[in-house]
There are 2 protein chains.
Amino acid sequence: MSQSTKKHVVILGAGFGGLNAAKQLLKADCQVTLVDRNNHHLFQPLLYQVATAQLSTPDIAKSIRSTLPMNKNVNVLMDEVMGIELDKKSVQLASGNHLNYDYLIIGLGAVSGYFGNNHWAEHCIGLKSLEEAVRIRRRVLHAYEKAEVSNNPEEQKKLMTTVVVGGGPTGVEMSGSLIELARQVLKGAYHNIDPSKGRVILIEAAPKVLGTFADPLPQRALEALEELGVEVKLNSPVQNITANTVELKDETIHAENIIWAAGVQAPQITQTLGLPTSRGGQILVEKDCSLPNHPEAFAIGDIVSMKDAAGKPVPGVSPAAIQMGKHVAKLIQTELKLNKSAGEVKRPRFAYFDKGSMATIGRSKAIASFSIFKMTGIIAWLMWLFIHLLYLVGFKNKISVLLQWFYAYVNFQRGARIISGLTHKNQN
Amino acid sequence: MSQSTKKHVVILGAGFGGLNAAKQLLKADCQVTLVDRNNHHLFQPLLYQVATAQLSTPDIAKSIRSTLPMNKNVNVLMDEVMGIELDKKSVQLASGNHLNYDYLIIGLGAVSGYFGNNHWAEHCIGLKSLEEAVRIRRRVLHAYEKAEVSNNPEEQKKLMTTVVVGGGPTGVEMSGSLIELARQVLKGAYHNIDPSKGRVILIEAAPKVLGTFADPLPQRALEALEELGVEVKLNSPVQNITANTVELKDETIHAENIIWAAGVQAPQITQTLGLPTSRGGQILVEKDCSLPNHPEAFAIGDIVSMKDAAGKPVPGVSPAAIQMGKHVAKLIQTELKLNKSAGEVKRPRFAYFDKGSMATIGRSKAIASFSIFKMTGIIAWLMWLFIHLLYLVGFKNKISVLLQWFYAYVNFQRGARIISGLTHKNQN
């Protein structure tokens, strides 16, 4: 059977969903094209550790080509998706190339969402890409350096204040790590300022942090954050964000850096498909993750909105994306094996298996929530370390991350305290 | 003795010279201010390994503050030097601050020099900073990705060609590492192109590479480079460089990336001191590294031009900078101990101790030249590895680099194959 007569599966996005779909399809009798605008798969759950100088960028990213075996049926293209024509079964790319497909898997991933206040974006930094993580690292470390050479106490105070908006797992892990950077790592390294007086303010609209975790974990997380020195402001919806300023109902905070961890939305392209979407732009997929009236096209990961069999929404987390990627790849594999057209074989619905959730709160502390038990403290933290190492792609990365964690643990230092990418043109 | 009555030593630049001077002065009875525009000390000899995706940026850089003990007599400022007034004994900084000094040590380091053709700079990338190394990595890896999605054979050929100008140690190590990237690491990872057909062209005006090494090492290096697949063009002075084009006497080469490793010059500020300089702008210092008529001010490293006792020029290499830094710090220490003014005590001349030179040429090959013996092959390469690890600042960095090297050696992969910092505004 010549290659050209094989069915062509196009996968858009090499995140957790797309990459796992591609790996599953290595065993299938089809030609696969995997498109991503980056050359690397990114392990997003550890992005906050790059942002806070614990890990370096190659520790949590691996070139897509090197994660897939060579000379197999998967072709990787570094290109950007400009348009999807579902009726023509065609994808247009920024290079000018078109890809015609028999099956399509859309796993492009969510982007930072500002609840309709898109003008806030220019004053905040999100945490979705390596570029954003390195920008946070550069800006936060640079802020202390600028405070050291400043003679203006008001200016110093602003430089040493960081606001994190959003009390979900990203915001909690980020703010815990930022306060430890100031109080444990940078403390004592300056002559004119005392970095341990640096403020990290976590802002959450709801009455508790980690709202998706079962009680008493949100309360435990709050206590742990406050013990570290994070100022947590609950019931505090953001009214407005301007340059270096966050306005709450009864307070205005001046901060050199404002980190946005409050919400995500689907990328613009989901609006161009002529399909029903959620308020956040997520595609309302069928129970098998296919698009309505398009059994040959699927969407997976945090750009879809769907409910599991029990009626609970499937969360936009990496285990869900991985499971969806494998699920749709297996559906395609079955249809190819039986030589049927898309949708001809009755498909099982996607069933989300909740493996539990975890979040670290600084050194030696974490909270973990599983279906049958909950956990806090150092055991939860060790489990968090172990599970993240387990899922990290690449043997070298596992060893390297373990080394950095060990180093940081024993001497309270962080190996990636590097301000890079600062040029005359780019002062932020 | 209160702090304010202590003598103030200002060190400009935290490279090999400045950092070693600062470390030496930890033991002296003075107040030290160390100024650098970066927050990190950079291990420049391994910069080419960041540029070719072997190491990540924090592996070869360490925050200056964390290399110096806390609460000592050294104050670190991340700031840029805008002017030096030797007569007023004052340094102006970009922050607006002024530093008055009793002793000054200038170790600002050389920059890429284009022999009067400064318009070439915009078409080349130098290899002096982390930013430049990451830019080379991004551009070289991206070139292969662009070639993969291109349908134009001429364009693909250009994208897969890299020119390195300058056959000194930097150019030799860079071109060897680039050809290995193409032929060993990227080979087989693409469908539309064959990266092992990528060209790396090393251009040298002189009749041999590594001209400062004793025979037969230059010839051995040439053979090793050609065996790896580098096209070495000797006796080929560059006539002109424009966008993606290098013109030689009888040939024009089209290349996506042109890397400049042909020459350095002193930074502009050395021209503002009213002192005699060499053709490359290097300061013609006295025999003790002090500035003419300014016994309280010194210049060290590759921004000075001086001859040793035998009349041989001291080379612009890191061991010379380290030795100069320690030398001037000891002179200052002695004068402080004896409570004398600058220059009152007779000073010994700076004596350069040549520890030898080494260069690697790809996997398992190196050449080494010491005063009593010369060496090539795998023993030289192992020695190169060992010595570079030894001098790398920071225990964590040593372990991390060793890990990456081991990983690369056993599986021919490179851990830092990450294209980062690519944005819509920044396509280069």
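Residues numbered from 1 in each chain as written. Chains lettered and ligands numbered in written order. Predicted model: local features only at pLDDT ≥ 70, side-chain atom pairs only at ≥ 80, totals over all residues.

Q: Is there a simple way to explain the overall build of chain A in this structure?
A: Helix and strand counts for chain A stand at 10 helices and 25 strands. In terms of C-alpha radius of gyration, chain A reaches 23 Å, essentially the compact-globule figure of 22 Å for 428 residues. Taken over the C-alpha atoms alone, chain A extends approximately 75 × 45 × 40 Å along its principal axes. Sorting the 428 residues of chain A into buried and exposed places 51% on the buried side. (Helix = DSSP H or I, 4+ residues; strand = E, 2+ residues; numbered from the N terminus. Rg over C-alpha atoms; globule rule 2.2 N^0.38 Å. Buried ≥ 20, exposed ≤ 12 C-beta atoms within 10 Å, placed from the backbone.)

Q: Hey, could you run me through the packing of helix α10 (residues 395-411) of chain A against helix α10 (residues 395-411) of chain B in this one?
A: Angle between the axes and distance between the axes: these two values describe a pair of packed helices. As a packed pair, α10 of chain A and α10 of chain B sit with axes 11 Å apart at the nearest point and diverge in direction by 170°. By the criterion of interaxial angle, the relationship of α10 of chain A to α10 of chain B is roughly antiparallel. On the side of α10 of chain A, the interface is formed by Lys396, Ile399, Ser400, Leu403 and Tyr407 of chain A, while α10 of chain B contributes Lys396, Ile399, Ser400, Leu403 and Tyr407 of chain B. Looking at side-chain class alone, the contact of α10 of chain A with α10 of chain B contains six nonpolar, two polar and two charged residues. (Axes fitted to C-alpha atoms, helices over the stretch in contact; angles between N-to-C directions. Parallel < 35°, antiparallel > 145°, perpendicular 65-115°, else oblique. Contact = placed C-beta atoms within 7 Å. Nonpolar A, V, L, I, M, F, W, Y, C, P; charged D, E, K, R; others polar.)

Q: Sorry if this is basic, but what is going on with the relation of the copies chain A and chain B here?
A: Two copies of the chain are present, and they differ by a rotation about an axis and a shift along that axis. Rotating chain A by 180° about the axis while translating it 0.0 Å along that axis superimposes it on chain B, leaving an RMSD of 0.0 Å. Here the transformation between the copies is reduced to the relation of a two-fold axis. Both copies contact each other with a shared surface, as 100% of the interface residues of chain A are interface residues in chain B too. (Least-squares fit on C-alpha atoms with pLDDT ≥ 70 in both.)

Q: I'm lost on helix α1 (residues 16-25) of chain A in this one. Help?
A: Burial runs high along α1 of chain A: eight of the 10 residues are buried. Phe16, Gly17, Gly18, Leu19, Asn20, Ala21, Ala22 and Leu25 of chain A are the residues of α1 of chain A that are buried.

Q: What am I meant to see in the interface of chain A and chain B here?
A: Many analyses report the size of an interface as the accessible area lost when the parts associate. Contact with chain A, which involves 41 residues of that partner, is made by 41 residues of chain B. It is helix α4 (residues 130-149) of chain A that contributes the most residues to the side of chain A that touches chain B, six residues altogether. Considering only residue class, the side of chain A that touches chain B consists of 15 nonpolar, 19 polar and seven charged.

Q: Mind showing me how you'd approach the environment of Gly18 of chain A here?
A: All names here are of chain A. Position of Gly18 relative to the elements: it lies in helix α1. Residue Gly18 is classed as buried on the basis of its C-beta count, with 27 C-beta atoms lying within 10 Å. Sequence separation between Gly18 and Gly325 is 307 residues; the distance between their C-alpha atoms is 5.9 Å. When neighbours within four sequence positions are excluded, Gly18 is seen to be in contact with Ile11, Leu12, Gly13, Leu34, Ile105, Gly107 and Gly325.

Q: Teacher, can you tell me more about the pairing of strand β9 (residues 103-106) of chain A here?
A: As a general feature of sheets, a regular strand has side chains that alternate between the two faces. Residue and element names in this part refer to chain A. Residues of β9 alternate between two faces, with Tyr103 and Ile105 on one and Leu104 and Ile106 on the opposite face, all of them buried. Examined bridge by bridge, strand β1 (residues 7-12) and β9 share four bridges and lie parallel to one another. By the bridge assignment for β9, Val10 is matched with Leu104. The pairing of β9 with strand β21 (residues 294-299) spans three bridges and is classified as parallel. Following the sheet pairing, Leu104 is matched in β21 by Ala297. (Pairing = 2+ DSSP bridges.)

Q: Looking at this model, I keep getting lost on the sheet that holds strand β7 (residues 90-93) of chain A. Mind explaining?
A: Hydrogen bonding along the main chain pairs the strands of a sheet, whether they run parallel or antiparallel. Residue and element names in this part refer to chain A. Pairing is antiparallel in the open sheet, where three strands are placed in the order β6-β7-β8. One side of each edge strand has no neighbouring strand; the edge strands of this open sheet are β6 (81-85) and β8 (98-100). Here the strands of the sheet are splayed against their neighbours by 20° on average, with no regard to which way each runs. Direction of pairing for β6 relative to β7: antiparallel, over a ladder of four bridges. Opposite Glu85, over in β7, you have Ser90 as the bridge partner.

Q: Is there a simple way to explain the pairing of strand β2 (residues 30-36) of chain B in this structure?
A: Residues and elements named next belong to chain B. Within β2, five of the seven residues are buried, which leaves the element mostly enclosed by the surrounding structure. Examined bridge by bridge, strand β1 (residues 7-12) and β2 share six bridges and lie parallel to one another. Bridged to Lys7 within β2 is Cys30. Both β2 and strand β5 (residues 74-78) contribute to a ladder of five bridges, which runs parallel.

Q: Just checking my understanding: could you explain the domain arrangement of chain A for this structure?
A: Domain boundaries in chain A define domain 1 (3-37 + 79-110 + 266-337) and domain 2 (118-262 + 356-411). Relative to domain 2 of chain A, the C-alpha centre of domain 1 of chain A lies at a distance of 32 Å. (Domains from an automatic or database assignment.)

Q: Explain the packing of helix α1 (residues 16-25) of chain B against helix α8 (residues 318-337) of chain B here, please?
A: Residue and element names in this part refer to chain B. In contact at an axis separation of 7 Å, α1 and α8 are set at 35° when each is read in the N-to-C sense. Seen from above, α1 lies across α8 with right-handed handedness. Contacts between α1 and α8 pair Phe16, Gly17, Gly18, Asn20, Ala21, Gln24 and Leu25 from the former with Ser318, Ala321, Ile322, Met324, Gly325, Lys326, Val328, Ala329, Lys330, Ile332 and Gln333 from the latter. Classifying every residue of the contact of α1 with α8 by side-chain character gives nine nonpolar, seven polar and two charged. (Left-handed = near helix turned anticlockwise from the far one by under 90°.)

Q: Even after reading the chapter, I still don't get the nonpolar core, so can you show me in this structure?
A: In globular proteins that are soluble, nonpolar side chains generally tend to be buried together. Core analysis: the largest hydrophobic core is formed by 152 residues, its most contacted members being Ala221 and Ile259 of chain A together with Ala221 and Ile259 of chain B. Apart from residues no more than four positions distant in its own chain, Ala221 of chain B is found in contact with Val172, Val209, Leu210, Ala359, Ile361 and Ile367 of chain B. (Core = buried A, V, L, I, M, F, W, Y, C linked by C-beta atoms within 7 Å.)

Q: Is there a simple way to think about the sheet that holds strand β12 (residues 199-203) of chain A in this case?
A: Residue and element names in this part refer to chain A. Strand order across the open sheet formed by four strands is β13-β12-β11-β17, with parallel pairing between neighbours. This sheet does not close on itself; its edge strands, each paired only once, are β13 (231-233) and β17 (257-260). Strand after strand, the sheet turns through a mean of 20° between neighbouring axes, direction not considered. With four bridges connecting them, strand β11 (residues 161-165) and β17 associate as parallel partners. When the sheet's bridge partners are listed, Val165 is paired in β17 with Trp260. In the packing of helix α6 (residues 169-185) onto the sheet, contacts are made with β11, β12 and β17, and the angle to β12 comes to roughly 170°.

Q: Explanation requested: α10 of chain A in the structure shown.
A: Side chains that are three or four residues apart share a direction in an α-helix, a result of its 3.6 residues per turn. Residue and element names in this part refer to chain A. With 17 residues, α10 ought to run about 24 Å at 1.5 Å a step, and its terminal C-alpha atoms sit 25 Å apart, in line with that. By the burial criterion, the buried members of α10 are Asn397, Ser400, Val401, Gln404, Tyr407 and Ala408. Looking down the long axis of α10, one finds its buried residues gathered within 125° of arc, a one-sided arrangement. Along α10, the residues that are exposed and aim more than 90 degrees away from the buried face are Phe395, Phe406, Tyr409 and Val410. Of the residues one or two after α10, Phe412 is the one with positive phi, at around 60°. (Expected span 1.5 Å × (residues − 1). Arc of directions from axis to C-beta.)

Q: Mind showing me how you'd approach the environment of Asn235 of chain B here?
A: Residue and element names in this part refer to chain B. Secondary-structure assignment places Asn235 in the loop between β13 (231-233) and β14 (240-242). Among the residues examined, Asn235 registers 11 C-beta atoms within 10 Å and is labelled exposed. Residues Asn235 and Ala206, spaced 29 residues apart in sequence, show a C-alpha to C-alpha distance of 4.9 Å.

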